[in-house]
Every structure is written in C-alpha cells, then in structure tokens.
Amino acid sequence: MNTTQDHPPMRWRTRLAGVLVCAAFALAFGGVGLMATRQIGAICHAAWQARHWQPVPVEVLAAALQGRRDADGDTHDALQARYRYEWMGRSYESTQVRLPGGMGHDNFDPWQRDWELRLNRARDSEERLVAWVDPDHPEIAVLDRSLRWRQLLFMLPFSIVFSLIGAAAFGAGWLMVRSRRTEAAVTRQAQPAPPQQALGVEFQQVVHGRDTAHGRLAVECGVWPMPVVAVQEGLQGCLALS
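Residues numbered from 1 in each chain as written. Predicted model: local features only at pLDDT ≥ 70, side-chain atom pairs only at ≥ 80, totals over all residues. Heavy atoms only, no water.

*Asks:* What should I look at first to understand the packing of aromatic side chains in this one?
*Replies:* What characterises a pair of aromatic rings is the spacing of the ring centres plus the angle enclosed by the ring planes. All chains considered together, the criterion is met by 7 aromatic pairs. With a centroid separation of 5.5 Å and an interplanar angle of 5°, the aromatic rings of Phe25 and Phe29 are classed as stacked. Taken together, the positions of Phe25 and Phe29, both in helix H2 (residues 12-49) and 4 residues apart, correspond to about one turn of that helix. A residue is classified by how much of its surface remains accessible, and Phe25, at 41% relative accessible area, is partly exposed. Relative accessible area serves as the criterion here: at 24%, Phe29 is assigned to the partly exposed category. With a centroid separation of 6.4 Å and 50° between ring planes, the pair formed by Trp111 and Trp115 is classed as tilted. (Phe/Tyr/Trp six-rings, centres within 6.5 Å; stacked < 30°, edge-to-face > 60°. Helix = DSSP H or I, 4+ residues; strand = E, 2+ residues; numbered from the N terminus. Buried < 20%, exposed > 50% of the residue type's maximum accessible area, 1.4 Å probe, protein only.)

Below, the structure written as structure tokens:
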C-alpha cells in the first residue's frame, strides 16, 4: 500500500501557516508562563533568604495607597511607604514593604489596606514597627517577610497551564517541520533510479559476482572465461571514472 497516495503531503503554504500559528502560541503562552514562573521563583527565593534577616525598629515617614481601576471597574491597590531604620550605627531609608517579586497592584486580599492603616497608625502615634534587615546588605529591608499565599495561588495556574500550552504549541510546530523532512526523504526513496544508474548497479552486481566465493572458484578453475574477466575489469574502470 502506498502511504503517499493514501495521505497526500501537506502543501508548503499550509505547513508554513501552521508553523507560524504554533510559534505565535508558543511565544504568547510560553512567555506568560515563564513570567509567572519567574515571579513565583523570585518571591519564594526572597522568603527563603529573609529567614536569617535581623529585626530592627523603624520610624514610619509616609504611607499611602495608590488605586487603579481596570476595565471592569475593579480597584487594584498598591501600597507606597517610606520608613527609616538604623543598623550598626548608620541610618537607612527604605520603601520596601513586602518581599520583592509579584505584582504591584492587586486586590487578592486586604493586605494592602491593612498595612496602610497599620503604618499610618504607627506614624501618628510614633509607634515603632519592626523591619527585617539583610545583615550582608543592610540597605535592603522589608516590613513583612511572610508569603502572600493568595497571590501565589493566583499566579500558579498561569505558571503551569500557560507553560504547558506553550510547550505543546512548540512541539506541534516542531513535528510539522520534521514531517516535511520525512516526506522529502520518502519521496526521494520512492523515485525510480535513472537508467544509467540502474545499469551501473547491474554492472556492479555482475562485476562483483566474481569476488564471491563461487566467482573466485570459477576464475581459478578456468571456468570464468578470461575475456569476460577483461570486460568486467573494463566496466569497473568505466564505473570508477563515472
């Protein structure tokens, strides 16, 4: 059964369009998945490093919420704060409230508003809060070193699902490219050999027949005529020149 006739090869325009669509899906979904994975990795890495940071009292200088509305009318808040602390006799200022990574504006939970109220209350009453300072880099400090699990759970589907879709699209495009090479190889094998090449193969089979055990025995016993041997050697020289 001829498989090329049962399944005709895909035209190059159709294959090119399919490869481009797969590449677009791979870049779009894979890029979003990679971005979400990097954000999750950055947050978890920062939380792991902050385990050994040292607490210091801080003086709150300013705290405010910056709201932003999306297309659906939902408000996403971002906490902006500034505080001062001392480490080893030197004074530092920082604006980092949470661990680095994640999104600036969100409304997953009341974390932004709770910390805004807490910081303003500490500023008005001159209450000292605690910041966590990196001993190796004292200019780096955060007020809250805990993980925001709702934010991580929100980004997790983007990291897994979008990455899988991007990988599947890349694999589909790669299979289309590989199928083109396979069809080309099958087509070359299915094409009949040229007459001269086929004749040369037959001559080679005839010539190399005397190189077998039976051929050598026939030459040694004189059964293989010498003129035939001379003709065969001449054919071998012609084939070598061609």
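Here the narrative resumes, following the displayed structure.
*Asks:* How should I be thinking about helix H3 (residues 111-124) in this particular structure?
*Replies:* In an α-helix, one turn spans 3.6 residues; hence positions three or four apart end up facing the same way. Between its terminal C-alpha atoms H3 stretches 20 Å, which fits the 20 Å expected from 14 residues at 1.5 Å a residue. When we look at burial in H3, the residues that qualify are Trp111, Gln112, Trp115, Glu116, Leu119, Asn120 and Ala122. All buried residues of H3 fall inside an arc of 160° around its axis, so they share one side. With respect to the buried face of H3, the exposed residues turned more than 90 degrees away are Leu117 and Asp124. (Expected span 1.5 Å × (residues − 1). Arc of directions from axis to C-beta.)

*Asks:* I'm lost on the environment of Leu27 in this one. Help?
*Replies:* Following the sequence through the fold, Leu27 ends up in helix H2. A relative accessible area of 68% places Leu27 in the exposed class.

*Asks:* Where do I start with the pattern of salt bridges in this structure?
*Replies:* A side chain of one charge can pair with a side chain of the opposite charge if their charged atoms are brought near each other. Applying the stated criterion to the full structure yields 4 salt bridges. With a shortest N-O distance of 3.4 Å, Glu93 and Arg82 are connected by a salt bridge. Placement of the pair is Glu93 in strand E3 (residues 90-94) and Arg82 in strand E2 (residues 75-87), with a sequence separation of 11 residues. We note a salt bridge from Glu93 to Arg84, for which the minimum N-O separation is 3.4 Å. Via salt bridges that share partners, Glu59, Arg82, Arg84 and Glu93 belong to a single interconnected network. (Salt bridge = Lys/Arg side-chain N within 4 Å of Asp/Glu carboxyl O.)

*Asks:* Is there a simple way to think about the environment of Phe29 in this case?
*Replies:* Sequence separation between Phe29 and Ser163 is 134 residues; the distance between their C-alpha atoms is 6.4 Å. In contact with Phe29, not counting residues within four places along its chain, are Phe162, Ser163, Ile165 and Gly166. (Contact = heavy atoms within 4.5 Å.)

*Asks:* What exactly am I supposed to notice about unusual backbone geometry here?
*Replies:* Note on backbone geometry: most residues besides glycine have negative phi, and most peptide bonds are trans. One non-glycine residue, Met88, adopts positive backbone phi at about 55°. In this structure, Met88 sits in the loop between E2 and E3. Using a relative accessible area of 72% as the deciding quantity, one classes Met88 as exposed.

*Asks:* What is the right way to look at empty space enclosed by the protein in this model?
*Replies:* Left-over empty space is what a probe sized like a water molecule reveals as it rolls over the atoms. All chains considered together, the criterion is met by 1 cavity of 30 Å³ or more. In this model, the largest cavity occupies a volume close to 80 Å³. Class assignment for the residues of the lining of the largest cavity results in 5 nonpolar, 3 polar and 2 charged. (1 Å grid on protein atoms, 1.4 Å probe; cavity = no way out; pocket = protein on both sides within 12 Å on 5 of 7 lines; lining within 4 Å. Points joined across faces, edges and corners; volume = space filled by probe spheres on them. Nonpolar A, V, L, I, M, F, W, Y, C, P; charged D, E, K, R; others polar.)

*Asks:* Just checking my understanding: could you explain the nonpolar core for this structure?
*Replies:* The nonpolar side chains of soluble globular proteins are, as a tendency, buried together. One finds Tyr85, Trp115, Leu119 and Leu143 to be the most contacted residues of the largest nonpolar core, which totals 20 residues. Counting only elements with at least two residues in this core, the list comes to strand E1 (54-69), E2, H3 and strand E4 (129-133). With 5 residues, E2 is the single largest residue contributor to this core. Sequence-distant contacts of Leu143, that is, excluding residues within four places in its chain, are made with Val58, Tyr83, Gln96, Val97, Trp115, Leu119, Val130, Ala131 and Trp132. Membership of the second largest hydrophobic core comes to 6 residues, among which are Ala46, Ala50, Trp53 and Leu99. (Core = buried A, V, L, I, M, F, W, Y, C linked by side-chain atoms within 4.5 Å.)

*Asks:* Is there a simple way to think about the confidence of the model for the protein in this case?
*Replies:* Close inspection of predicted coordinates is inappropriate for parts of the model with low pLDDT. Summing up the model confidence of the protein, the mean pLDDT is 74 and the portion of residues at 70 or higher is 64%. In this model, residues 195-215 is a region of pLDDT below 50 whose contacts with residues beyond four sequence positions or in other chains number 19 contacts. Confidence over residues 217-232 falls short of pLDDT 50; this stretch has 13 contacts with residues more than four positions distant or in other chains. (pLDDT = per-residue confidence, 0-100.)

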